[in-house]
Amino acid sequence: MNSNWVRALVLVVCIFPVLVECRVRNYKFNVVLRNKTKLCSTKSIVTVNGKFPGPTLYAREDDTVLVKVVNHVSYNVSIHWHGVRQLRTGWADGPAYITQCPIQTGQSYVYNFTLTGQRGTLLWHAHILWLRSTVHGALVILPKRGVPYPFPKPDKEVVVILAEWWKSDTEAVINEALQSGLAPNVSDAHTINGHPGSVTNCSSEGGFTLPVQSGNTYLLRIINAALNEELFFKIAGHTLTIVEVDATYVKPVKLDTIVIAPGQTTNVLVTANQNSGKYLVAASPFMDSPNITVDNKTATATLHYSGTLANSPTTLTLPPPQNATAVANKFITSLRSLNSKKYPTKVPLKVDHKLLFTVGLGINPCATCKAGNGSRAVASVNNVTFVMPTTALLQAHFFNISGVFTTDFPGRPPHVFNYTGTPPSVLQTNNGTKAYKLSYNSSVELVLQDTGIIAPENHPVHLHGFNFFAVGRGLGNYNPKTDRKSFNLVDPVERNTIGVPTGGWVAIRFLADNPGVWFMHCHLEVHTTWGLKMAFVVENGKGPNESLLPPPSDLPKC
Ligand code: C2O
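Notes on the structure follow.

Rules used throughout
- Residues numbered from 1 in each chain as written.
- Predicted model: local features only at pLDDT ≥ 70, side-chain atom pairs only at ≥ 80, totals over all residues.
- Heavy atoms only, no water.
- Buried < 20%, exposed > 50% of the residue type's maximum accessible area, 1.4 Å probe, protein only.
- Helix = DSSP H or I, 4+ residues; strand = E, 2+ residues; numbered from the N terminus.
- Contact = heavy atoms within 4.5 Å.
- 1 Å grid on protein atoms, 1.4 Å probe; cavity = no way out; pocket = protein on both sides within 12 Å on 5 of 7 lines; lining within 4 Å.
- Points joined across faces, edges and corners; volume = space filled by probe spheres on them.
- Nonpolar A, V, L, I, M, F, W, Y, C, P; charged D, E, K, R; others polar.
- Pairing = 2+ DSSP bridges.
- Axes fitted to C-alpha atoms, helices over the stretch in contact; angles between N-to-C directions.
- Patch = residues over 30% accessible without salt bridge, like charges linked within 9 Å, V, L, I, M, F, W, Y side chains within 5 Å.
- Areas by Shrake-Rupley, 256 points an atom, 1.4 Å probe, with all protein chains shown as cover.
- Salt bridge = Lys/Arg side-chain N within 4 Å of Asp/Glu carboxyl O.
- Disulfide = S-S within 2.5 Å.

Another point: helix H2 (residues 170-180). Three or more residues of H2 are buried, namely Thr170, Glu171, Val173, Ile174, Ala177 and Ser180. Along its buried surface, H2 packs onto strand S2 (41-48), strand S22 (375-381) and helix H6 (525-530). Looking one or two residues beyond H2, the residue adopting positive phi is Gly181, at roughly 90 degrees.

The next subject is empty space enclosed by the protein. Considering all chains together, one arrives at three cavities of 30 Å³ or more under this definition. The volume enclosed by the largest cavity comes to roughly 60 Å³. Lining of the largest cavity is provided by Val160, Ile192, Phe208, Leu210, Leu220, Phe233, Ile235, Val281, Ala301, Thr302 and Leu303. It is strand S19 (residues 299-305) that contributes the most residues to the lining of the largest cavity, three residues altogether. Here the lining of the largest cavity is composed, by residue class, of ten nonpolar, one polar and no charged. For the second largest cavity, the calculated volume is near 40 Å³. Lining the second largest cavity we find Asn228, Glu230, Phe286, Met287, Asp288, Asn458 and Leu524.

We now examine the sheet that holds strand S9 (residues 156-165). The sheet built from six strands is open, its strands ordered S10-S9-S12-S17-S14-S15 with mixed pairing. Edge positions in the sheet fall to strand S10 (189-192) and strand S15 (248-255), since each of these pairs with one other strand and no more. The sheet shows a mean angle of 25 degrees between the axes of neighbouring strands, taken without regard to direction. Bridge count between S9 and S10: four bridges; the pairing is antiparallel. Paired with Glu164 across the strands is His190, a residue of S10. Sitting on the sheet, helix H3 (residues 325-334) is in contact with strand S14 (240-245), S15 and strand S17 (265-271), with an inclination near 135 degrees to S15.

Where nonpolar side chains cluster on the molecular surface, the patch consists of Phe398, Phe399 and Ile401 and spans about 260 Å² of accessible area. Tracing the backbone through its elements, the reader meets Ile401 in the loop between helix H4 (393-398) and strand S24 (430-432).

Before going further, it helps to spend a moment on the state of the cysteines. Scanning all chains against the criterion turns up two disulfides. Residue pairing for Cys101: its cysteine sulfur links by disulfide to Cys558, the two sulfurs lying 2.0 Å apart. Torsion about the S-S bond of the Cys101 and Cys558 cystine: about -95 degrees, corresponding to left-handed handedness. A residue pair is termed long-range when its members are at least 10 positions apart, and Cys101 in the loop between strand S5 (79-82) and strand S6 (108-114) and Cys558 in the segment after strand S33 (533-538) qualify at 457 residues. What makes Cys101 buried here is its relative accessible area of 2%. Residue Cys366 pairs covalently with Cys369 via a disulfide, S to S 2.0 Å. One quick way to see it: the torsion about the S-S bond of Cys366 and Cys369 is about 75 degrees, and its sign makes the bridge right-handed.

To continue, consider the pairing of S17. Within a regular strand, the side chains alternate between the two sheet faces. Burial within S17 is extensive, with six of its seven residues counted as buried. Relative to S17, strand S12 (residues 217-224) runs antiparallel, the two sharing seven bridges. Looking at the pairing, Ile223 lines up with Thr265 of S17. When S14 meets S17, the two strands line up antiparallel, connected through four bridges. Looking at S17, one finds that Glu244 is bridged to Asn267.

Interpretation in functional terms is not warranted from these geometric data alone.
In structure tokens:
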């Protein structure tokens, strides 16, 4: 048989990739509009295949995934596979104008990537405008066939997607905010697998139900797909055993509440070991900055033991208060990577680049911002408010197109001040499309320091193209002399998205072993929009498999 025939055969057999042993998984994402009623009002939303949340994509470690995305809506679209390393395949990463031009109306693009050395729960989402509010879904990477989980095999696995719902169109929400210069309206409800639950006064609104069998253990693959809210998650009367975050195994920890930031994922085991009945599942916001408004509504779902009568009462639970920093910290500080023989923790021990980036807000003049009194809220990294280019950075890098970006992103804050104390007198930021250059295989220690400009706030920062190790964390200003001594270089948690604590800092380390252009930004969409984003350019290495591959022929054009 010639190779085209073999390929065609594989494509046909692999339409049901989970059932058959396939190394290639084919998916088709039709981006379409549909009407959806929630909170007693109907609006038109952008979806994948008409679903909200979108379809779950299943694959195994080492599989190649091909997703043909066809754009049938009037917006430009791109899809990001959040947490997929994309080794040498940055063209499939997805952030619009960073690694690709978006897919225009009527056009399509095949995302083609291999899941090397990764297994666990990740998410995919639109990476342009605010479309990810409704264009998101789970990406489940199963271990290689025959390889067990490093924890007892669950009886069943369930994807649990947390999100936010606005009654009005989310593009209108952010556009209005950008015109006024003020913060956008907060959402009208949170959702669990698409349902807000009992919080609303809409009698038609049901909540998500998770049927359980007494004595069975469930693996919940929890994803925060919200735009702007970190969320607490708990289940009345049941303990959560955390076994994985961001598709990396952790030492199991038992807690009753977890906190999960937009872009993060957490796998927990739950055993149905309580009396038969119904138990409330709650997702509520975590915000410990006093000056920031959030949507304070709790989304609810129900754990329903089989055999329970429909009208039996639900065992309730109160979610932690919005500002429960201690509850959040308990979860965050308990996480350690598994660091087993099979899954060793490979923290870079020597450091080539020691970087300090401030992350926070600012205020810039805006002549047309009437509501904002002639100024607008902005956000920055090291005081640079990132300006989106009109040519994708990766193309500019690969084809040597000049004038798209510069590589003078500062490795330290341009002005040294008491970052978490009284703000400086000048709150203005600089605009620029700047990247920081790293040579292949260099090791990076990056301290992300929150600033209190306007308000100190927790920023969940996401790095594309890499996992990193969270080696240190503290409050106030980072002090290299004293704080470095306490870094955990043995079993720090490995993630792709990390919360910079309100009024504090985190230190991460990673090895720049993936050539390409990699976006880093706050995963609160409002802060990304305001400019809390930058990019790393990782140069090619000299070895045979150390260069960025050439772009696919169907790469969208700007
Ligand atoms: Cu999940 Cu750049 O994003």
